[in-house]
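Structural description and commentary
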Amino acid sequence: MPSKNGSNGTPRFTTQSSLSAYVWSICDILRRSNCAGALQYVPELTWILFLRVLDDLETLEAEQSQAVGAAFTPSLEAPYRWQDWAAPDGWKRRELEGGALGAFFGFVNGELLPYLKSLRDQPNATARQKVISEIMSGVDRVRVDTERNFLDVLDKVHLINSQTVDSTHLFTLSQVYEGLLLKMGEKGNDGGQFFTPRQVIKAMVQAIDPGPADTIYDPCAGTGGFLATAYEYVLQKLGDDATPEQLEALKTRRLYGREKENLIYPIALANLVLHGIDKPNLWHGNTLTGQEIYGGLWEGAPAQFDVILTNPPFGGKEGKVAQARFAYKTSATQVLFLQHVLDSLRPGGRCAVVLDEGVSFRQETAFVQTKRKLLNEADVWCILSLPPGTFVNAGAGVKTNIFFFTKGRPTERIWYYDLSGVKVGKKSPLTLEHFEEFFRLLPTRADSERSWTVGRAELEARNYDLKAVNPHARPETDTRTVEELLEVIEQKSREVTEALTALRDRIEA
């Protein structure tokens, strides 16, 4: 639990676990207030938490501007700021609580939400106002069942601010929020398609090694995990030597993504803002068809990018509208995304993409053509074979590989690394420790029991079957004799008989 600071009992969150426990206590209120599952309570908490963080940020910016005698214009006008209507001592909140029954919900649903959603349409709307509108785009009304429960949520969220969250833990709040997104990705929540295990993302980012001058793109951004992790990586890489110009560029002009799902798009925006990214350049629409829902945050985006990090949806099917935009026609979503990635990567640019294993070995015409294009236009310097259970916590049991490549020179050979023998499950997820040997061998592409190299001629002879087949793998053989196997069967039979006898005795008793 959070430590207490001062006689008024204001919480002080000194660790990620203390803040996480506090956030889960807010989720408990939401779960008993008409937001039973993660796909209900995470979006509800997202917009509330975002407005709290926004108010805290702009209060600090106003104080800094005043200190140097500069003008500051807040993104929201009264009474739509958190400090007006949501804070326990806010003047608008006191007015509403003293009014007629239902006045609070009437204001939030009838005035606040429409105002926030319309900000992007104002003349000369700022980038931040556009972000606010997009985060609020899917919020039509408060989902919490009663005003009392809603006020309880507001009061608890109000205590999450720059004074109560220990500033020495830079990403504490964003990491707690990532924990909420994990709940959306668990099996049974139908959110798995938007969630890539964070250890896989970290390994991909580390291998690609983005820098402060790189533009970074995810064409199917989901909840923003790749972009947020890349941001943290580059920020840590800069360290204390970061210049104001580098930080401003990283927060506003380096990170780009696309997402089509109406539920997930605002969550991705909020996730990136909570990580400290001032202007998430996210395009809302269908990447493959080009059909745009909202492109106001995409203005000024480059046509091609230095780095692409992505995990296209597994097993998706696309219609003729999407296929018409690509040279090699297929309904397979991942194959179309692979073509899109190649087109979107600048010469010299690097990419890491998760692909299901079917893409590696399938021989349909479009699959082969796309893989040939990949090997002709890019140097596929590594294919990393992931364990079958890597995505089990996201509700997917599909076998996957990570393709790493650099555009601009053809592939002469591919270095493979095989993690498929690692036993991964719901209670034993993949960790960064599992990648230790991979990173140790990667600079020299050395051979080991788990790694090997295949030349271009062999890949062409296999008609671009790129499946990772470890030549060093030892087949598991059962060396027991027939007599030993019979003894095992007899022993199991005795155990079954004893269990049935005990069960009958309990029934008769």
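Up top is the structure.
What comes next is a walk through the structure. Each residue is numbered by its place in its chain's sequence as written, counting from 1. In keeping with the predicted nature of the model, local features appear solely for residues at pLDDT of at least 70, side-chain atom pairs appear and are counted solely at 80 or more, and the whole-chain, interface and lining totals rest on all residues. Water and hydrogen atoms were dropped before computing side-chain values, which therefore reflect all heavy atoms in the structure.

**Some details on the overall build of the protein chain**
The condition is simple: For helices the rule is a DSSP run of H or I covering at least 4 residues; for strands it is a run of E covering at least 2, with both sets numbered from the N terminus onward. Exposure classes here rest on a 1.4 Å probe applied to the protein chains alone. A residue is buried below 20% of its type maximum, exposed above 50%, and partly exposed in between. Contacts are assigned to residue pairs with any non-hydrogen atoms lying within 4.5 Å of each other. Note on areas: Shrake-Rupley, 1.4 Å probe, and residue coverage restricted to the protein chains presented here. When charges are counted, Lys and Arg are positive and Asp and Glu negative, with His and the chain ends excluded. By convention, charge coordinates are those of NZ in Lys, CZ in Arg, CG in Asp, or CD in Glu.
Counting secondary structure elements, the protein chain contains 19 helices and twelve strands. Principal axes of the C-alpha set define a box for the protein chain whose edges measure 85 × 80 × 45 Å. By the burial criterion, 51% of the 509 residues in the protein chain qualify as buried. Counted over contacts in the protein chain with a minimum sequence separation of 6, partners at least 24 positions apart contribute 73%. Accessible surface, the protein chain: about 23,500 Å² in total, of which carbon and sulfur atoms supply 51%. For the protein chain, the distance from the average position of its 57 positive side-chain charges to the average position of its 65 negative side-chain charges is 3 Å.

**Re the pairing of strand β4 (residues 255–259)**
The following threshold applies: In this description, strands pair whenever DSSP reports at least two bridges between them. Look down the strands so they point away from you; if going from the first strand over the helix to the second traces a clockwise path, that crossover is right-handed.
With five of five residues buried, β4 is to be regarded as a mostly interior element. Across the two faces of β4 the burial is the same, with Leu 255, Gly 257 and Glu 259 and Tyr 256 and Arg 258 all buried. Sheet analysis places strand β3 (residues 216–218) next to β4, joined by three bridges and oriented parallel. Looking across to β4, one finds that Asp 218 is bridged to Gly 257. Relative to strand β5 (residues 281–285), β4 is paired through four bridges, and the arrangement is parallel. If you follow Tyr 256 over to β5, its bridge partner there is Asn 281. On the question of chirality, the crossover connecting β4 to the parallel β5 by way of helix α12 (residues 264–274) is right-handed.

**Focus: the sheet that holds strand β6 (residues 292–294)**
Keep this limit in mind: All axes here are fitted lines through C-alpha atoms, helices being fitted over the stretch that makes contact, and every angle between N-to-C directions spans 0 to 180 degrees.
The ten strands lie next to each other as β6-β5-β4-β3-β7-β8-β10-β9-β11-β12, forming an open sheet whose pairing is mixed. The open sheet is flanked by β6 and β12 (451–455), the only strands paired with a single partner. With strand direction ignored, the average angle separating the axes of adjacent strands in the sheet is 20°. By the bridge criterion, two bridges tie β5 to β6 in an arrangement that is antiparallel. Residue pairing across strands places Gly 285 opposite Glu 292, the latter belonging to β6. Where helix α10 (residues 225–238) meets the sheet, its contacts fall on β3, β4, β5 and β7 (305–310), and the angle it forms with β3 comes to roughly 160°.

**Structural notes on a negative patch on the surface**
Our working rule: The patches described consist of residues with a relative accessible area above 30% and no salt bridge, like charges being joined within 9 Å and nonpolar side chains (Val, Leu, Ile, Met, Phe, Trp, Tyr) within 5 Å. Salt bridges are defined by distance alone: a side-chain nitrogen of Lys or Arg within 4 Å of a carboxyl oxygen of Asp or Glu.
A cluster of acidic side chains, namely Glu 483, Glu 484, Glu 487 and Glu 490, defines a negative patch on the protein surface. Considering the arrangement of structural elements, one finds Glu 483 in helix α19 (residues 482–508). On the basis of relative accessible area, Glu 483 is assigned to the exposed category, the value being 59%.

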